[in-house]
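Inside the fold
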Amino acid sequence: MTKKIERFFDDAETRTPCLVVDLDRVVENHACMAELMTWGEIFYAVKANPAPEIIARLAASGCAFDAASPSEVAACLKAGIAPDRISYGNTVKKLSDISFAAGQGVDLFAFDSVGEIEKLAAGAPGSSVVCRVVVSNDGARWPLTRKFGCHSDEAVALLKCAAGAGLRPAGISFHVGSQQTDPARWCEAITLCADLFARAADAGLSLDVLNLGGGFPVPYGDGAVPELETLSNMIDQALDEAFSGARPRVIVEPGRAIVANAGVIRSEVILVAERAYDTTERWVYLDVGRYGGLAESEGEAIRYRMDAVGCDGPSGPVVVAGPTCDSHDVLYENAMCVLPLVLKAGDIVTLHDTGAYTSTYASVGFNGFAPLEEHYI
Ligand SMILES: *Cc1c(COP(=O)(O)O)cnc(C)c1O
């Protein structure tokens, strides 16, 4: 938690559950990444946290943006971002949404199928397109594979098809999966893409964009993740080896790594109960859960660090659950979360590094529980 957020909690009356994001930390994260990744251009993946305050601060820092829907495109344009700094990275788009973005001047789109080429040709004729290929997502805590991307062996044929439809085949994109913990995933994907660039050249296409996607991991505290600097150096070296001097324009689309550690959620304990099922367990029910923004707790994939404000003394293992009457609204059963034994109803629990993939995952009011309150400071 940043000093600024600590002061905010000291001074401001906040209700729970609430998310507080330190915008200075967002800007610092971007600056740090830009300094390390001089080999690429940063396009912030808006879906990680689309708050206008975040978009505005990143825009002022010179960041570009990866949008996935017309409203994300509109949010970027509203912040004064030029359309040539927006990439439409979703490979599944309605024709009307493509037309809207193209009409606003967006000229860089991702695709991974013939059906999408047809829509792009109709809605954004002449635009630049990158073909997304499937790469291994092994090692990712929140994989994105299978739903997106063509087989790499299809990519050149699809890019030729795009050219035939009057689009400009610009390059290749991939995503190694979110919260990717293994740097080898980017390196092997870069090698694969270099081969596709060569095959495209043989087919008469001159590609000049390589989009490495996001996936840059955040140290949530449940296992080591590679340092950003190590990762950046390894990617830089992989680019050198794969493209031997003639590097394309390289784009990265971090989402989580820009906003996660800038945010903290505060939640109130509703109940602590000893439950004698197979064994006796202590259950802690919070006023935030799976439907209040913590969707990434599904499968216990993302394990947020938690602590209890002002509770000292010995701690013990607990199951942590949310407030709704839905049995899927259990955050962590296997993760062996540990909270103080004195914890009781009314106490406050802090969930750390929750600036990414939380606010917009909150339901509109499932079971009558309001969406997460948000503060951008
Ligand atoms: C979600 C997404 C990202 C961001 O991924 P992170 O793991 O948050 O960095 C980037 N690009 C695309 C196309 C995405 O769908």
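Residues numbered from 1 in each chain as written. Predicted model: local features only at pLDDT ≥ 70, side-chain atom pairs only at ≥ 80, totals over all residues. Heavy atoms only, no water.

**Section: the overall build of the protein**
Helix and strand counts for the protein stand at 10 helices and 18 strands. In terms of C-alpha radius of gyration, the protein reaches 22 Å, essentially the compact-globule figure of 21 Å for 377 residues. Principal-axis analysis of the C-alpha atoms places the extent of the protein at approximately 70 × 40 × 35 Å. Counting across all 377 residues of the protein, residues that qualify as buried make up 53%. For the protein, contacts bridging at least 24 residues in sequence account for 70% of all contacts bridging at least 6. Carbon and sulfur atoms make up 51% of the accessible area of the protein, which amounts to about 15700 Å² in all. (Helix = DSSP H or I, 4+ residues; strand = E, 2+ residues; numbered from the N terminus. Rg over C-alpha atoms; globule rule 2.2 N^0.38 Å. Buried < 20%, exposed > 50% of the residue type's maximum accessible area, 1.4 Å probe, protein only. Contact = heavy atoms within 4.5 Å. Areas by Shrake-Rupley, 256 points an atom, 1.4 Å probe, with all protein chains shown as cover.)

**Side note on the pairing of strand 8 (residues 168-173)**
With five of its six residues buried, strand 8 lies for the most part within the structure. Relative to strand 8, strand 6 (residues 128-132) runs parallel, the two sharing five bridges. The partner of C131 across the bridge, within strand 8, is I172. Sheet topology places strand 8 next to strand 10 (residues 209-211); three bridges connect them, and they run parallel. (Pairing = 2+ DSSP bridges.)

**Remarks on helix 8 (residues 184-202)**
With 19 residues, helix 8 ought to run about 27 Å at 1.5 Å a step, and its terminal C-alpha atoms sit 27 Å apart, in line with that. In this structure, the buried side of helix 8 is in contact with helix 7 (152-164), strand 8, strand 9 (178-180), strand 10 and helix 9 (228-243). Following helix 8 by one or two positions, G204 adopts a phi angle in the positive range, close to 85°. (Expected span 1.5 Å × (residues − 1).)

**As for the nonpolar core**
Counting residues in hydrophobic clusters, the biggest one holds 103 residues, and the most contacted among them are Y44, I54, F65, I172, F174, L212 and F216. Looking at which element gives the most residues to this core, the answer is helix 8, with nine residues. Viewed by domain, this core spans two of them, domain 1 (50-254) and domain 2 (261-376), each represented by three or more residues. Here I172 is in contact with V130, C131, V133, A155, L159, C193, L196, F197, L207, V209, L210 and N211, once residues within four sequence places are set aside. Of all hydrophobic cores here, the second largest spans eight residues; its members include A64, L108, A110 and I251. (Core = buried A, V, L, I, M, F, W, Y, C linked by side-chain atoms within 4.5 Å. Domains from an automatic or database assignment.)

**What about the site of the ligand?**
Lining the immediate environment of the ligand, one finds 13 residues, of which K47, S178, E253, R256 and Y357 sit closest. Taking K47, its side chain carries an N or O atom lying 2.8 Å from an oxygen atom of the ligand. Contacts to the ligand include H175, whose side-chain N or O atom sits 3.0 Å from an oxygen atom. With the chains in place, 92% of the 390 Å² that the ligand exposes on its own is no longer accessible. Residue composition of the shell around the ligand, by class: three nonpolar, five polar and five charged. (Near = heavy atom within 4 Å. Polar contact = N/O pair within 3.5 Å; in protein donor to acceptor, adjacent residues only side chain to side chain. Nonpolar A, V, L, I, M, F, W, Y, C, P; charged D, E, K, R; others polar.)

**Some points on the packing of helix 5 (residues 95-103) against helix 6 (residues 114-123)**
Direction vectors running N to C along helix 5 and helix 6 enclose 40°, while the axes themselves pass 9 Å from each other. The angle between helix 5 and helix 6 falls in the class oblique. As helix 5 runs across helix 6, the sense of the crossing is right-handed. Along the contact surface, helix 5 presents L95, I98, S99 and A102, while helix 6 presents E116, K119, L120, A122 and G123. A class-by-class count of the residues in the contact of helix 5 with helix 6 yields five nonpolar, two polar and two charged. (Axes fitted to C-alpha atoms, helices over the stretch in contact; angles between N-to-C directions. Parallel < 35°, antiparallel > 145°, perpendicular 65-115°, else oblique. Left-handed = near helix turned anticlockwise from the far one by under 90°.)

**Regarding the packing of aromatic side chains**
Any two aromatic rings considered together are summarised by their centre-to-centre distance and by the angle between their planes. Tallying each qualifying case throughout the model produces eight aromatic pairs. A centroid spacing of 6.3 Å and a plane angle of 85° characterise the contact between Y44 and F65, whose relative ring orientation is edge-to-face. You can see Y44 sitting in strand 2 (residues 41-45) and its partner F65 sitting in strand 3 (residues 64-67), a full 21 residues away along the chain. You can call Y44 buried: its relative accessible area is 0%. Since its relative accessible area comes to 0%, F65 is described here as buried. (Phe/Tyr/Trp six-rings, centres within 6.5 Å; stacked < 30°, edge-to-face > 60°.)

**Here's the deal with the pattern of salt bridges**
In this structure the tally under the stated criterion is 19 salt bridges. When the shortest N-O distance is used, the salt bridge between K93 and E116 registers 3.0 Å. With K93 in the loop between strand 4 (86-88) and helix 5 and E116 in helix 6, this pair connects stretches of sequence that are 23 residues apart. Measuring nitrogen to oxygen at the nearest pair gives 2.9 Å for the salt bridge that ties E116 to K119. Of this pair, E116 and K119 both sit in helix 6, three residues apart, which is roughly one turn of that helix. Taking relative accessible area as the criterion, E116 reaches 3% and is therefore assigned buried. (Salt bridge = Lys/Arg side-chain N within 4 Å of Asp/Glu carboxyl O.)

**A few points about the environment of A345**
For A345, the position within the fold is in the loop between strand 16 (330-340) and strand 17 (348-352). Once the C-alpha coordinates of A345 and V46 are considered, the two residues, 299 residues apart in sequence, prove to be 36 Å apart. Not counting residues within four places of it along the chain, the set of residues in contact with A345 comprises V269 and I270.

**Description of the environment of S315**
As for its placement among the helices and strands, S315 is situated in strand 15 (residues 315-321). Of the residues examined, S315 reaches a relative accessible area of 42% and is grouped as partly exposed. Taking the C-alpha atoms as reference points, S315 and V338, 23 residues apart in sequence, are found 6.1 Å from one another.

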